[in-house]
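Listed below, chain by chain, are the residues.
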Amino acid sequence: GKPKSVIARETVLKFNPNVNITAHHGNIKDDEFDIDFFKQFDLILNGLDNLDARNYVNRMSLTSGVPEIESGTQGYLGQVRMIKHGITECFECQPQESGKSFAVCTIRSTPDKPIHCIVWATHLFNLFFGPNDDDNLLSDLKSNINYQSPKSSFIKFFESDIKDLINDFDWAKKNRLAPKILNFNELYDDNLSNNIINNNTDQIHTINTYVHLFIQAIQDIFNNYKDMIGEMSFDKDNTLAMQFVAAAANLRMANFHIPLMNEFKIKGIAGNIVHAVATTNAIAAGLIVMEALKLLEKRYEDGKCTWITQSLPLILNPTKLQSPRKNCYIC
């Protein structure tokens, strides 16, 4: 229930109460983390989880002249490397893999996988609570949003739109079952206890419960974030945002006969997360320290890029650092 930066500080102070640590909670691209912020340090230890932020830190490292240790893990795999601009490749010297995209028509009309419904639900969240965005694949439906009557929104997206889709396609020719209409009046239960549905992200609930969760999330977000309505964007770490997306995604899955999924797994997909493995992270952390010592001692020639793999017997595969690429526009 606390920011990881705060918890990390508290944990390290238990090892050594005499060190000076300042914990910041925010987005690394916020204005406060500008070039002057980076210049106050001897090195940067980078453990970010998305490409955009890692590119930003790479460029701050280049501009400030402060070297960095770049790292990342994904399940049982990982990578740690020293980056000293002018001596080694920067993070952007090699092309990075971008996120997977899906056809708009699949997301909007013919989903057949959980991820299609989860992507749809994140766009629906931004449609409800974010700014007008023509790039949102549901942008033409903005006029159907009604904060005061979540029921009418439910009926629009899970009843009437589904009726239209049933008529729009020859589902038999697609070798697919026609979508299933979810009837609000049949599924919503005013007496459903909040104790049944709160805080259990590992459980797959009933459709009745997801209807309740969807309605409750809209009401709670509107009440708790009233001043931010029209400015929000989906954040996997916002509990109410995840409740909305998990409920909407599961209702969409029910529409299209796709097996339901618990919120924990949906969060991983919605946030593009491969859930962390503690041992992989521990190995990466040790490698980060080893590379950091080389940087502090200016032993750049000893720097390595080390890959953590599942290939026995070599779990660790260290490779020599490459020189900056001549055609890298960042370098």
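These figures come from a predicted structure and were not determined experimentally.

Caption draft 1: Representation of helix H11 (residues 263-270) within the structure. You can read the cap of H11 off the contacts: a side-chain oxygen lies 3.2 Å from the backbone nitrogen of Phe-264, and it is on Asn-262. Just past H11, the residue Asn-272 takes up positive phi, approximately 55 degrees.

Caption draft 2: Main features of the sheet that holds strand S4 (residues 304-308). A sheet is described by the order of its strands in space; here five strands give the open sequence S1-S2-S3-S4-S5, paired in mixed fashion. Each having just a single partner strand, strand S1 (44-46) and strand S5 (316-320) make up the two edges of the open sheet. In this sheet, adjacent strand axes meet at a mean angle of 15 degrees when their direction is disregarded. Contacting S1, strand S2 (68-74) and strand S3 (77-83), helix H3 (residues 51-64) runs over the sheet at an angle of about 165 degrees to S2. Each of S1, S2, S3, S4 and S5 is contacted by helix H12 (residues 278-296), which is oriented at about 170 degrees to S2, the strand it contacts most.

Caption draft 3: View of the nonpolar core. Formed by 52 residues in total, the largest nonpolar core has its most connected members in Leu-124, Phe-214 and Phe-244. Only helix H5 (114-129), helix H6 (150-168), helix H7 (184-187), helix H9 (207-224) and helix H10 (239-255) provide two or more residues apiece to this core. Leave out the neighbours within four places in its chain, and Phe-244 touches Ala-121, Leu-124, Phe-125, Phe-128, Phe-129, Phe-214, Ala-217, Ile-218 and Ile-221. Core analysis: the next-biggest nonpolar cluster, separate from the first, contains twelve residues, Val-80, Ala-284, Cys-305 and Ile-308 among them.

Caption draft 4: How the structure looks around the environment of Phe-222. On the secondary structure map, Phe-222 appears in helix H9. Considering only alpha carbons, one finds Phe-222 and Ile-204, 18 residues apart in sequence, at a separation of 25 Å. If we ignore the near neighbours within four places in the chain, the residues touching Phe-222 are Tyr-147, Gln-148 and Ile-229.

Caption draft 5: Inspection of the side chain of Glu-68 at higher detail. Inspection of the secondary structure assignment puts Glu-68 in strand S2. Buried within the structure, Glu-68 lacks any salt-bridge partner; Arg-54 is the closest side chain of opposite charge, at an N-O distance of 7.5 Å. A polar side-chain atom of Glu-68 sits 3.4 Å from a polar atom in the side chain of Asn-46.

Caption draft 6: Geometry of the pairing of S3. When you tally the buried positions in S3, you get six out of seven residues, the bulk of the element. Pairing of S2 with S3, which is carried by seven bridges, proceeds in the antiparallel orientation. The partner of Glu-70 across the bridge, within S3, is Arg-81. Counted along the chain from S2 to the antiparallel partner S3, the turn is two residues long, and its residue Gly-75 has a positive phi close to 65 degrees. As judged from the four bridges shared by S3 and S4, these two strands associate in the antiparallel manner. When the bridges of S4 are listed, Val-80 appears paired with Thr-306.

Caption draft 7: Structural view of unusual backbone geometry. The phi dihedral of Asn-175 is positive, around 55 degrees, even though this residue is not glycine. By secondary structure assignment, the location of Asn-175 is in the loop between H6 and H7. Look at His-257: it is not a glycine, yet its phi comes out positive at around 60 degrees. Within the secondary structure layout, His-257 lies in the loop between H10 and H11.

Caption draft 8: Structural view of the packing of aromatic side chains. One pass over the structure, following the stated rule, counts 22 aromatic pairs. Arranged with centres 6.0 Å apart and planes meeting at 75 degrees, the rings of Phe-125 and Phe-234 form a pair that is edge-to-face. Of this pair, Phe-125 sits in helix H5 while Phe-234 is found in the loop between H9 and H10, placing the two residues 109 residues apart along the sequence. Plain terms: the ring middles of Phe-169 and Trp-171 are 5.4 Å apart, the flat faces sit at 70 degrees to each other, and that makes the pair edge-to-face. Among the residues examined, Trp-171 registers a relative accessible area of 4% and is labelled buried. Counting every residue linked through ring pairs, the aromatic cluster contains Trp-120, Phe-125, Phe-128, Phe-129, Phe-154, Phe-157, Phe-158, Phe-184, Tyr-188, Phe-214, Phe-234 and Phe-244.

Thresholds, definitions, all that
Residues numbered from 1 in each chain as written. Predicted model: local features only at pLDDT ≥ 70, side-chain atom pairs only at ≥ 80, totals over all residues. Heavy atoms only, no water. Polar contact = N/O pair within 3.5 Å; in protein donor to acceptor, adjacent residues only side chain to side chain. Helix = DSSP H or I, 4+ residues; strand = E, 2+ residues; numbered from the N terminus. Pairing = 2+ DSSP bridges. Axes fitted to C-alpha atoms, helices over the stretch in contact; angles between N-to-C directions. Contact = heavy atoms within 4.5 Å. Core = buried A, V, L, I, M, F, W, Y, C linked by side-chain atoms within 4.5 Å. Buried < 20%, exposed > 50% of the residue type's maximum accessible area, 1.4 Å probe, protein only. Lys, Arg positive; Asp, Glu negative; His and termini not counted. Salt bridge = Lys/Arg side-chain N within 4 Å of Asp/Glu carboxyl O. Phe/Tyr/Trp six-rings, centres within 6.5 Å; stacked < 30°, edge-to-face > 60°.

It is worth stressing that arrangement in space is one thing and function is another; only the former is reported here.
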